[in-house]
Amino acid sequence: MKVLVAGANGHTGRLLVEYLKADGHEPYGLIRKEEQKAAVEKLGGTPVLADVTKSDVGYAVKGMDAVIFAAGSGSSTGADQTEAVDRDGAINLVKATENLGIKKFIMLSSMAAGEPERGPEELKHYMKMKGEADDYLASTELDYTIVRPGGLTNESGTSKIQVGEKVDAGTISREDVAKTMIACLQEQNCYHKTFEMISGDQQIEEALKTL
């Protein structure tokens, strides 16, 4: 599949581009800056220069089979950036995907998105914005999957996870999050689903079948 990865210069985004290529897909890395192109190409992706905070991002999505949103302002940035990227940027990309008739959209969200009371005070606005973006995606007719990981680590992945509508707070490696999101592209049991995930005991493919 031709897959557009928004946020291809981020930690998880880079893994997504690398793993998509390794799995035989054709990854396109959506980036905001010209100087980020070389990094995407080195990972085996085709760079696409676009800004998700601008409403017209259709040209970046055109011709794709699926879209993965892994962009983020960084939860510690200001409220304006969180709204512009984590909520409005995600919604802009969802709208472009829907308008072009592309069906598959995978959203990298966050545990407790839409439920700020479950998280620490400093993350409440971030979780609210992520939740609003997720709600918009869930209201569409896209074959969407919303992945809500716990605390992200840079440890090596195990390919073993725990998933559920809600799971206890915990951590998970970015590697396993990226692999799970890619698996969701073709696992129909993931379509029209929102789930939380942390490290666990089940292989990714088996865990996704339990949703």
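Residues numbered from 1 in each chain as written. Predicted model: local features only at pLDDT ≥ 70, side-chain atom pairs only at ≥ 80, totals over all residues. Heavy atoms only, no water.

## Some points on the overall build of the chain
Looking only at helices and strands, the chain features seven helices and 11 strands. Over its C-alpha trace the chain gives a radius of gyration of 16 Å, about what one expects of a compact globule, namely 17 Å for 211 residues. Oriented by its inertia axes, the alpha-carbon framework of the chain measures out at about 40 × 35 × 35 Å. Put simply, 65% of the contacts in the chain that link residues at least 6 apart link residues at least 24 apart. Of the accessible surface of the chain, which amounts to about 9,600 Å², a share of 43% is contributed by carbon and sulfur atoms. Across the chain, the mean location of the 24 positive side-chain charges is 3 Å away from that of the 33 negative side-chain charges. (Helix = DSSP H or I, 4+ residues; strand = E, 2+ residues; numbered from the N terminus. Rg over C-alpha atoms; globule rule 2.2 N^0.38 Å. Contact = heavy atoms within 4.5 Å. Areas by Shrake-Rupley, 256 points an atom, 1.4 Å probe, with all protein chains shown as cover. Lys, Arg positive; Asp, Glu negative; His and termini not counted. Charge placed at Lys NZ, Arg CZ, Asp CG, Glu CD.)

## Some words on the packing of helix α1 (residues 11–22) against helix α6 (residues 174–184)
Any two packed helices are characterised by the angle at which their axes cross and by the distance between the axes. Look at α1 against α6: their axes get within 9 Å of each other, and the N-to-C directions meet at 50 degrees. When the interaxial angle is binned, α1 and α6 end up oblique. Relative to α6, α1 is oriented so that their crossing is right-handed. For the pair α1 and α6, contact is made by His11, Thr12, Leu15, Leu16, Tyr19 and Leu20 and by Arg174, Glu175, Val177, Ala178, Lys179, Met181 and Ile182, respectively. (Axes fitted to C-alpha atoms, helices over the stretch in contact; angles between N-to-C directions. Parallel < 35°, antiparallel > 145°, perpendicular 65-115°, else oblique. Left-handed = near helix turned anticlockwise from the far one by under 90°.)

## Considerations on the pairing of strand β8 (residues 160–164)
Residues in a regular strand point their side chains to alternate faces of the sheet. As defined by bridge partners, β8 adjoins strand β11 (residues 202–203) across two bridges and the pair is classed as antiparallel. If you follow lysine 160 over to β11, its bridge partner there is glutamine 203. (Pairing = 2+ DSSP bridges.)

## With respect to the pattern of salt bridges
Tallied over the entire structure, the rule returns 11 salt bridges. Across the salt bridge formed by arginine 32 and aspartate 51, the nearest N and O atoms sit 3.9 Å from each other. Of this pair, arginine 32 sits in the loop between β2 (26–31) and α2 (37–42) while aspartate 51 sits in the loop between β3 (46–49) and α3 (58–61), and the two are 19 residues apart along the sequence. For aspartate 88, the salt bridge identified is with arginine 87, shortest N-O distance 2.8 Å. One network of salt bridges, with partners in common, ties together Arg87, Asp88, Lys128 and Glu132. (Salt bridge = Lys/Arg side-chain N within 4 Å of Asp/Glu carboxyl O.)

## What about the sheet that holds strand β5 (residues 104–108)?
Taking strand neighbours across the sheet as the criterion, the nine strands line up as β3-β2-β1-β4-β5-β6-β10-β8-β11 in an open arrangement whose pairing is mixed. Each edge of the open sheet carries a strand with a single partner, namely β3 and β11. As paired strands, strand β1 (residues 2–6) and strand β4 (residues 66–69) are joined by four bridges and run parallel to one another. What sits directly across from leucine 4, in β4, is valine 67.

## Some words on the pairing of β4
Covered by surrounding structure in β4 are Ala66 and Ile68 together with Val67 and Phe69, the residues of both alternating faces. Pairing geometry for β4 and β5, over four bridges, is parallel. What sits directly across from phenylalanine 69, in β5, is methionine 107. (Buried < 20%, exposed > 50% of the residue type's maximum accessible area, 1.4 Å probe, protein only.)

## Remarks on the nonpolar core
Nonpolar side chains in soluble globular proteins tend to end up buried together. Membership of the largest hydrophobic core comes to 31 residues, with the highest contact counts inside it found for Leu16, Ile68, Met181 and Leu185. Listed by contribution, the elements that provide at least two residues to this core are β1, α1, β4, β5, β8, α6, β10 (193–199) and α7 (204–208). Ignoring any residue separated from it by four or fewer positions in sequence, one finds leucine 185 in contact with Met1, Val3, Leu20, Ala66, Ile68, Lys104, Ile106 and Tyr191. Counting 27 residues, the second largest nonpolar core, distinct from the first, contains Ala6, Val61, Ala90 and Leu142. (Core = buried A, V, L, I, M, F, W, Y, C linked by side-chain atoms within 4.5 Å.)

## Remarks on unusual backbone geometry
A positive phi is found at alanine 112, a non-glycine position, where the angle reads about 75 degrees. Its place among the elements puts alanine 112 in the loop between β5 and α5 (124–138). Unlike most non-glycine residues, histidine 192 shows phi in positive territory, near 60 degrees. Mapped onto the fold, histidine 192 is located in the loop between α6 and β10. Here histidine 192 falls in the partly exposed class, since its relative accessible area comes to 41%.

## Concerning the environment of lysine 62
With respect to the secondary-structure elements, lysine 62 resides in the loop between α3 and β4. A relative accessible area of 62% means that lysine 62 is categorised as exposed. In this structure, the C-alpha to C-alpha distance between lysine 62 and glutamate 83, residues 21 residues apart in sequence, is 25 Å.

## Here's the deal with the side chain of arginine 174
Residue position: arginine 174 is located in helix α6. Within the buried core, arginine 174 has no salt-bridge partner, and the shortest N-O distance to an opposite charge, that of glutamate 175, equals 9.8 Å. If near-sequence neighbours (up to four positions away) are discounted, arginine 174 is found in contact with His11, Thr12, Leu15, Leu152, Thr153 and Asn154.

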